[in-house]
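Listed below are the residues making up each chain.
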Amino acid sequence: MSKIQKGEFPYGHFFKMIGGKWKPYILVAIDYEESIRFNAILKFWGEISSKVLYQNLRELEEDQLIQRFSDPNVKQHVEYRLTEKGKRVMPIIKEIYKYSIDDMIDKDILIDSRAFDYYNPSRKKKEQEQDPCENAACKKKGA
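As the structure is a prediction and not an experimental result, all values here were calculated from the model.

Reading guide: rules and limits
Residues numbered from 1 in each chain as written. Predicted model: local features only at pLDDT ≥ 70, side-chain atom pairs only at ≥ 80, totals over all residues. Heavy atoms only, no water. Buried < 20%, exposed > 50% of the residue type's maximum accessible area, 1.4 Å probe, protein only. Helix = DSSP H or I, 4+ residues; strand = E, 2+ residues; numbered from the N terminus. Arc of directions from axis to C-beta. Contact = heavy atoms within 4.5 Å. 1 Å grid on protein atoms, 1.4 Å probe; cavity = no way out; pocket = protein on both sides within 12 Å on 5 of 7 lines; lining within 4 Å. Points joined across faces, edges and corners; volume = space filled by probe spheres on them. Nonpolar A, V, L, I, M, F, W, Y, C, P; charged D, E, K, R; others polar.

**Student:** Just checking my understanding: could you explain helix α1 (residues 10–18) for this structure?
**Tutor:** An α-helical turn contains 3.6 residues, so any two residues separated by three or four positions project in the same direction. Turning to α1, its buried residues number three or more, namely Phe14, Met17 and Ile18. For α1, the arc enclosing every buried residue in end-on projection is 85°, short of the 170-degree limit, so these residues lie on one face. Looking at the buried residues of α1, the elements they touch are α2 (23–33), α4 (50–62) and α5 (84–106).

**Student:** Mind showing me how you'd approach the layout of surface pockets here?
**Tutor:** The rolling of a water-molecule-sized probe over the atoms marks out the regions of remaining empty space. In this structure, the second largest pocket encloses a volume near 560 Å³. Looking at the second largest pocket, it is lined by 20 residues, and the ones nearest its centre are Pro24, Tyr25, Trp45, Tyr97 and Ala115. Mapped by element, the contributors of at least two residues to the lining of the second largest pocket are α2 and α5. Ranked by the residues each element gives to the lining of the second largest pocket, the list is headed by α5, at six residues. Grouping the constituent residues of the lining of the second largest pocket by class yields 15 nonpolar, one polar and four charged.

**Student:** What am I meant to see in unusual backbone geometry here?
**Tutor:** Glycine aside, residues mostly have negative phi, and peptide bonds are mostly found in the trans state. For Gln64, which is not glycine, the phi dihedral falls at a positive 60°. One non-glycine residue, Gln76, lies in the positive phi region at around 55°. With respect to the secondary-structure elements, Gln76 resides in the loop between β2 (66–70) and β3 (78–82).

As structure tokens, then:
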């Protein structure tokens, strides 16, 4: 049997970056919305505290999976977006999601209805078909 080497194992590194109760939820929300504000995440995932959300966002930033953007023209306007590295990890997270859904169905485990909000293509299509001036960015520009 070989000696244990010093260093970090790749699986451990990956799951440390995306691990924990909330990081996958946060990444999925940012991926779906493309850009999301702190309070929008809090509103959707009501079970997370502001402190825990802030801590998870900071860790995701440190791991370069998300980037924080602020608008200097608007007071306290901060949004979060995926970095290129974050975009590369999303297909892996989506495959884990699909596997989990199948496994939960096989085991007859009740699935939270919110689980379908972000990966529901019909929801995204409906939102895109809405009047483009119904969104906040358009209203902000005064259109």
